[in-house]
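Architecture at a glance
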Amino acid sequence: MPRLSNAGVSAVTVFLKWGRVELKPGHFDYSYYLPTFDRIVAKGFDLIIRLDAGGGIVLDENGKELPKSLAIPTWVRADMSNLAYDAFGKPTAELSYFSDNAIDNVDRFYANATRTLIGRYGEKIRGLAIVLTAEQEVRYGQNKYTWRDFNPIAVERFRDKYNQDMPFINFAQRIAKPKEIPGYHNFNKFRAEQLREVVCRLHATIKANKGRSFGYFGGFFGPHDGVMLLSSVGEVPDCLDVAVMDYNFMDGWELNPDPWRMAVMTNYAMGLGYSEVLAGYYVERYRRKGAGFLDTVDPAAFGEIAKSMRVTRMGGVEIAGFGSGFVEFEGLSAPELQHEIQQIEAKKKGKEGIKVGVLASHETFNFFIADRFKGRNIHSQALLRTYEMLYNSQKFVPQVISSRTIERNPETLEDIDIIYIPHQPILNDREVQYINSFPGLVVQDMRAGTYTADGSKVDEFQRDTFCIDSLSYANGNFTGWTSDGERIRIDRDERFEATHAVLTAKPGCEVLMPSVNSPRSGLFVRNGKRLAIGAIPPLLGHKALTDFTLKLIWDLAKE
């Protein structure tokens, strides 16, 4: 532990399992945990304690799996109405947020635990984390890729509220062939509202007992399945004192240490209005294989963390995933990593320039959760690479926004000069209204049509707002001319289903970079302060096209 302190570690995150302290209703005993907590505090560290009421696998101090019932007391799980159900009507190991009885019991546990721990350790408790799922994050759980909660209480409430049955969710959507799901948007809204109600209630309980609440959010904006329901991070900025953005270098399919993913997540959370945002890097995906549970972490993990921290604004950093017990890794003391940690305060200020609101639609990422072609999620990559393009420019400052930003923290939008919509096929009514009323420049890049939040196709937004009369997706090459007479050629890229779309403008609108084959059509269509692009420049890796796009946006914004 001394080496942890020397590496700049100031707090240790530990678990407190509900089922270990309330073996009988109303009878609490913390003796299992207090000696360990005492030892950590005595060494000078603060505590972040996860109050675990989830249903995940429980490990002892040696990494041995213990009965799942230790996370949720046996007496709570004995009442089937307390449990979440999967889409097939089968009870799971986790609690239903729709069961008043279950949440009442969780609330009582949180009140007692907060009161006991604050009473014993005072300000040494950095915070108490709300944990309601096996994934230990603020979201709905998952069970073998089937969504929940289909608890009979939830099913009945949904039917009463929306006069329809809960939609069955158990498949991945593809933008090439989306399947309409009537009621899908209502389903997501219904779940998000209930999740918010529970988190806000537990936050209030923690605050009433003089604690600070923490919330953990997994790698959103392009996960591989419904387990990462994006709505949660946008729903509760006023109901958490500290939000931790988690990324474990995994995009759902493979190791993906993209340094910009954490930058985008923290940027978005700050814009939502969270009081404090931490970057949580989890290194379990970087373990060296073969040495058992307490394996050695590949030093490459700390290099990737340092790369990410260089472009990430945050209030602090959390590095975890080492395994059970207190394992001290030399990587924490790496000079490169320590330099980045020391620069956190400087990063908070950010750079100056024209502020661009990069719109990331919750509905796009909820509906096209696992849209994957040629090994990548195009929606996620478009967002990340657009943010990277704007961040690296000397003229622009990106701020990731969504309808939740508009609703929860509208003041952060007051100084936005440009809106950029990076391949977001679903925009909800609030976003469309905001875009249509926005007085500044709005830019959208290529997207295969426009859809409602239930997956049905509509075209009015493309025609009315961006003045596109028609478009054709091309599988071949494109050659066009800039206003300066520069010839730009875009070659077919096998990474895309369609590398670009040739846009034809409605009468009265302007075609920019017209095609050499069809001067009435081109790669850009302008309608005053509205600009449509028939490609995704930051994804193509085409320097001339990217430079032209950035210059065009700058010139139009300055008009």
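Structure's up top.
Let me sum up the structure you'll find in this document. Source: prediction; values computed, not measured. (Residues numbered from 1 in each chain as written. Predicted model: local features only at pLDDT ≥ 70, side-chain atom pairs only at ≥ 80, totals over all residues. Heavy atoms only, no water.)

Topic: the overall build of the protein chain
- From N to C terminus, the protein chain includes 19 helices and 26 strands.
- A compact globule built from 559 residues should have a C-alpha radius of gyration of about 24 Å, and the protein chain, at 25 Å, falls within 12% of that.
- Across its three principal directions, the C-alpha atoms of the protein chain cover 80 × 60 × 45 Å.
- Among the 559 residues that make up the protein chain, the fraction classed as buried is 59%.
- When the accessible surface of the protein chain is totalled, it reaches about 22500 Å², and 49% of it is carbon and sulfur.
- Taking the average location of the 68 positive side-chain charges in the protein chain and that of its 70 negative ones, the two points are 2 Å from each other. (Helix = DSSP H or I, 4+ residues; strand = E, 2+ residues; numbered from the N terminus. Rg over C-alpha atoms; globule rule 2.2 N^0.38 Å. Buried < 20%, exposed > 50% of the residue type's maximum accessible area, 1.4 Å probe, protein only. Areas by Shrake-Rupley, 256 points an atom, 1.4 Å probe, with all protein chains shown as cover. Lys, Arg positive; Asp, Glu negative; His and termini not counted. Charge placed at Lys NZ, Arg CZ, Asp CG, Glu CD.)

Regarding the pattern of salt bridges
- Applying the stated criterion across every chain, the model contains 35 salt bridges.
- Between E254 and R372 there is a salt bridge whose closest N-O contact spans 4.0 Å. Taken together, the residues E254 in the loop between β11 (242-247) and α9 (259-272) and R372 in the loop between α13 (362-367) and α14 (378-392) connect sequence positions 118 residues apart.
- Here the salt bridges do not stand alone but share partners, grouping E235, E363, R404 and R408 into one network. (Salt bridge = Lys/Arg side-chain N within 4 Å of Asp/Glu carboxyl O.)

Section: the state of the cysteines
- Under the criterion given, the structure shown has 2 disulfides.
- Between C200 and C239 runs a disulfide, and the two sulfur atoms are separated by 1.9 Å. Between C200 and C239, the S-S torsion sits near 90 degrees, and that sign places the bridge as right-handed. Remark: C239 occurs in the loop between α8 (231-235) and β11 and C200 occurs in helix α7 (residues 184-208); sequence separation between them is 39 residues. Per residue, the accessibility class of C200 equals that of C239, and both read buried.
- Two residues, C467 and C509, share a disulfide whose sulfurs are 1.8 Å apart. With the S-S dihedral at roughly 80 degrees, the linkage between C467 and C509 falls on the right-handed side. Remark: C509 occurs in the loop between β23 (500-505) and β24 (510-514) and C467 occurs in the loop between α17 (460-466) and β20 (468-474); sequence separation between them is 42 residues. (Disulfide = S-S within 2.5 Å.)

Here we look at the environment of A113
- Counting through the fold element by element, A113 comes out in helix α5 (residues 100-121).
- Taking the C-alpha atoms as reference points, A113 and W18, 95 residues apart in sequence, are found 9.1 Å from one another.
- Among all residues touching A113, those that are not within four sequence positions of it are Y30 and L51. (Contact = heavy atoms within 4.5 Å.)

Some details on the pairing of β11
- Extensive coverage of β11 is indicated by the burial of 6 of its 6 residues.
- Alternating residues of β11 divide into V242, V244 and D246 and A243, M245 and Y247, and every residue in both groups is buried.
- Across 4 bridges, the pairing between strand β10 (residues 213-217) and β11 is parallel. Paired with G215 across the two strands is A243, which belongs to β11.
- A crossover links β11 with its parallel partner strand β12 (residues 277-282), the connecting element being α9, and its sense is right-handed. (Pairing = 2+ DSSP bridges. Right-handed = clockwise from strand over helix to strand, strands pointing away.)

Observations regarding the packing of aromatic side chains
- Applying the stated rule across the entire model yields 30 aromatic pairs.
- For the ring pair F396 and W554, a centre distance of 6.0 Å and an interplane angle of 75 degrees mean the geometry is edge-to-face. Here the residue F396 occupies a position in strand β15 (residues 396-401), and W554 occupies one in helix α19 (residues 543-558), the gap between them amounting to 158 residues.
- When its relative accessible area of 1% is taken as the criterion, F396 is described as buried.
- Classification of W554 by relative accessible area gives partly exposed; the value is 21%.
- An aromatic cluster is built from F98, F150, F158, Y162, F187 and F190, whose rings are joined through pairwise contacts. (Phe/Tyr/Trp six-rings, centres within 6.5 Å; stacked < 30°, edge-to-face > 60°.)

Notes on unusual backbone geometry
- Within the chain, Q136 stands out as a residue other than glycine whose phi angle is a positive 65 degrees.
- By the element assignment, Q136 lies in the loop between β7 (125-131) and β8 (142-143).
- Even without being a glycine, K210 presents a positive backbone phi close to 70 degrees.
- In this structure, K210 sits in the loop between α7 and β10.

Things to note about the sheet that holds β7
- One open sheet holds the 7 strands; their spatial order is β1-β2-β7-β10-β11-β12-β13, and the pairing between them is parallel. Looking along the sheet, the strands with just one partner apiece sit at the ends: β1 (11-17) and β13 (316-320). Taking the axes of each pair of neighbouring strands and ignoring which way they run, one obtains an average angle of 30 degrees across the sheet.
- Across 2 bridges, the pairing between β7 and β10 is parallel. Each bridged residue has a counterpart across the sheet, and for A129 the counterpart in β10 is F214. (Axes fitted to C-alpha atoms, helices over the stretch in contact; angles between N-to-C directions.)

What about the nonpolar core?
- Counting residues in each nonpolar core, the largest one holds 163 residues, and the members touching the most others are L16, F37, I49, F217, M245, Y274 and F524.
- Once residues lying within four places of it in the same chain are set aside, the contact partners of F37 are V14, F15, L16, L47, I49, L117 and Y121. (Core = buried A, V, L, I, M, F, W, Y, C linked by side-chain atoms within 4.5 Å.)

Thoughts on the layout of surface pockets
- By volume, the second largest pocket amounts to about 510 Å³.
- As for the second largest pocket, its lining consists of 24 residues, and the residues nearest its centre are H185, E363, N428, D429 and R430.
- Secondary structure elements with two or more residues in the lining of the second largest pocket: α7, α8, α13, α15 (403-408), α16 (429-437) and β18 (450-451).
- Here the lining of the second largest pocket gets 5 residues from one element, more than from any other, and that element is α7.
- Among the residues forming the lining of the second largest pocket, the class breakdown is 7 nonpolar, 8 polar and 9 charged. (1 Å grid on protein atoms, 1.4 Å probe; cavity = no way out; pocket = protein on both sides within 12 Å on 5 of 7 lines; lining within 4 Å. Points joined across faces, edges and corners; volume = space filled by probe spheres on them. Nonpolar A, V, L, I, M, F, W, Y, C, P; charged D, E, K, R; others polar.)

Some thoughts on the pairing of strand β6 (residues 91-95)
- In terms of residue burial, β6 counts as a mostly covered element, since 4 of its 5 residues are buried.
- Here strand β5 (residues 83-85) pairs with β6 via 2 bridges, running antiparallel. Opposite Y85, over in β6, you have P91 as the bridge partner.
- Following β5, the chain reverses through 5 residues before pairing antiparallel with β6; G89 in that reversal takes a positive phi of roughly 80 degrees.

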